[in-house]
Every structure is written in structure tokens, then in C-alpha cells.
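# Coordinates in review
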Amino acid sequence: MATIHLTLAPFLLLAAIFLSTEVTAQPAAPAPGPAGPINITAILEKGGQFVTFIRLLNTTQIGKQINIQVNSSSEGMTVFAPTDNAFQNLKPGTLNKLSHDDQVKLILYHVSPKFYTMDDLLSVSNPVRTQATGRDGGAVYGLNFTGQGNQVNVSTGVIETRVSNALRKERPLAVYVVDMVLLPEEMFGEHKISPVAPSPKSKSPAVSDDSDDSSKKAAVPSEKSGSGEMNVGLGFGLGLVMLCLKFIV
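The paragraphs below set out a description of the structure included in this document. (Residues numbered from 1 in each chain as written. Predicted model: local features only at pLDDT ≥ 70, side-chain atom pairs only at ≥ 80, totals over all residues. Heavy atoms only, no water.)

### Remarks on the overall build of the protein chain
Secondary structure summary: the protein chain contains 10 helices and six strands in total. Buried positions account for 30% of the 249 residues belonging to the protein chain. A total of about 16700 Å² of accessible surface is found on the protein chain, and carbon and sulfur atoms cover 60% of it. (Helix = DSSP H or I, 4+ residues; strand = E, 2+ residues; numbered from the N terminus. Buried < 20%, exposed > 50% of the residue type's maximum accessible area, 1.4 Å probe, protein only. Areas by Shrake-Rupley, 256 points an atom, 1.4 Å probe, with all protein chains shown as cover.)

### Section: the nonpolar core
Leu-44, Phe-53, Phe-80, Phe-145 and Leu-173 are the most contacted members of the largest nonpolar core, which has 51 residues in total. Listing elements by their share of this core, those giving two or more residues are helix 2 (40-47), helix 3 (51-59), helix 4 (62-70), strand 1 (77-82), helix 5 (84-88), helix 6 (100-108), strand 4 (151-155) and strand 6 (173-178). Ignoring any residue separated from it by four or fewer positions in sequence, one finds Leu-44 in contact with Phe-50, Phe-53, Ile-54, Leu-57, Ala-81, Leu-167 and Val-175. (Core = buried A, V, L, I, M, F, W, Y, C linked by side-chain atoms within 4.5 Å. Contact = heavy atoms within 4.5 Å.)

### Remarks on the environment of Pro-37
Inspection of the secondary structure assignment puts Pro-37 in the loop between helix 1 (2-25) and helix 2. Assessed through its relative accessible area of 68%, Pro-37 is described here as exposed. C-alpha of Pro-37 to C-alpha of Val-70: the two residues are 33 residues apart in sequence and 9.2 Å apart in space.

### Brief notes about the side chain of Ser-164
As for its position among the elements, Ser-164 is in strand 5 (residues 160-168). Not counting residues up to four positions away in its chain, the partners in contact with Ser-164 are Met-118, Tyr-176, Val-177 and Asp-179.

### Overview of the packing of aromatic side chains
One pass over the structure, following the stated rule, counts three aromatic pairs. Seen from their ring centres, Tyr-109 and Tyr-141 are 6.2 Å apart, and the 70° between their planes marks the pair as edge-to-face. Placement of Tyr-109 in the loop between helix 6 and strand 2 (111-112) and of Tyr-141 in the loop between helix 8 (135-138) and strand 3 (144-148) is noted, with a sequence separation of 32 residues between them. Members of the aromatic cluster, joined through ring pairs, are Phe-80, Phe-145 and Tyr-176. (Phe/Tyr/Trp six-rings, centres within 6.5 Å; stacked < 30°, edge-to-face > 60°.)

### Some remarks on the pairing of strand 6
Of all six residues making up strand 6, six are buried, and the element is well covered by its neighbours. The alternating pattern of strand 6 places Leu-173, Val-175 and Val-177 and Ala-174, Tyr-176 and Val-178 on opposite faces, both of which are buried. Of the pairings in the sheet, the one linking strand 1 to strand 6 comprises six bridges and is parallel in character. The partner of Pro-82 across the bridge, within strand 6, is Val-178. Hairpin connection of strand 5 to strand 6: four residues between the antiparallel strands. (Pairing = 2+ DSSP bridges.)

If you want it as C-alpha cells, here you go:
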């Protein structure tokens, strides 16, 4: 029996060496590669309900600006993305009535040049700057945030809505869903609504004044006419008296 064990020993040793070689020879799992550049359009497409907002980001070229700035800025950025329902709830023709420059300002108003968490928005100093701030000769174009607990509300001075779930919340880009289009007061406030053209003022007072003047003027000749007739009558009477006196003398 001892002889058999001695005979098998070399084979067992070789088998152990082979197995250990197989274990160590297995390649290690590849390390995860660096994350690709952030793309706002891809984030919104993944969300699945931002077709209109994506279209406006593309037509205004703001989507490209966000991608460039967020991948190079140390401040990060925050985007408030209105859903398709939010745009559908606008008055018909609201977007079509805006010029290209106004559409640019509207979309820039949904972007802040700084990264904010939900907690940041609860304690931030209002108004919060947006990418539209400073346009139109230095207009504010700011957002105001209020809330408590886990609820954050955003107000523009025209509308107020809740800041919903985050499509992305890691630095350097936060993307939050909003159920209403953020309408800046600088563009949609009451002082920007064109007033109804006032109806032309009635000229009846002027006409009545003129008629009064004309009636007064008309009265003057009639008075003169009456005094003239009186003078004629007196002259005729005096003539008769003189004639009578001549015959008497």
C-alpha cells in the first residue's frame, strides 16, 4: 500500500501544480472605462416624456451649449425640464407666437448655471439666476424656490409648480421634472400684455363748443340787426315830427 502511494505522489503533485496554474492564469475582470460625456438630450430621451422640450433644445441650440458647458464648468448646471403635458397645457399658439429670440430666452430660463441638489433649493437665496439672466438690458429672469421637507416649489411670478423627481442628480448636472412650463414674468407678466387699443375720444364736446360759439356768433348779428331796425324806426318818427312842425310854422 505504501508503494502505491509513493507511485501516485508525483502525479498528485503535478495535478496540484496544474490546477493552481489554471486558477492564477484566469484574466482579471476589466476595470470600468471612464464615463462618457454628459448629454442632456440622451437623459431626457431616457425619461420618455420630453419630446417638445428636446425639440426646443435642438432648434435653439441650447442643448449643445449645455453639453459643452456642463462638461467644462466647475459650477455645474441645473435643468428644469417641462413634460409634454406641460407644453400642451399652454394656451394654443403660445409657442408659435414667440420669435426665435424669445424661444431662446424661454428655454434658457429653464437652465441655471449652477448645480443644485433638492436640499440646496430649499435653502438657496432667491431669486436664483438662470441662463436668461441679464438679457433684455439686464433683466432679472430669476426663479424663486420655497418648500419644506421633501417638497420644493418653484415660482416665476406668473406660475408656481412643484419640482418633481430627478432624472439626474449627480454632479455636475441635475435634471428635475416640472409639470408646468416656467413662464418668466419679464415675458409673460401683466405689464407685458399688450393693452386693448383705446377707442378714439368722442369729439362731441368740441362740436358742442363749436356750436355754442357759432350760436353766440349768430346771436350777435341778430342783435345788431334788431338795433338797426330800431334806429330806422326812430329816424322815421323824428322825420314826421319835423315835417309837422314845418307846416305849423
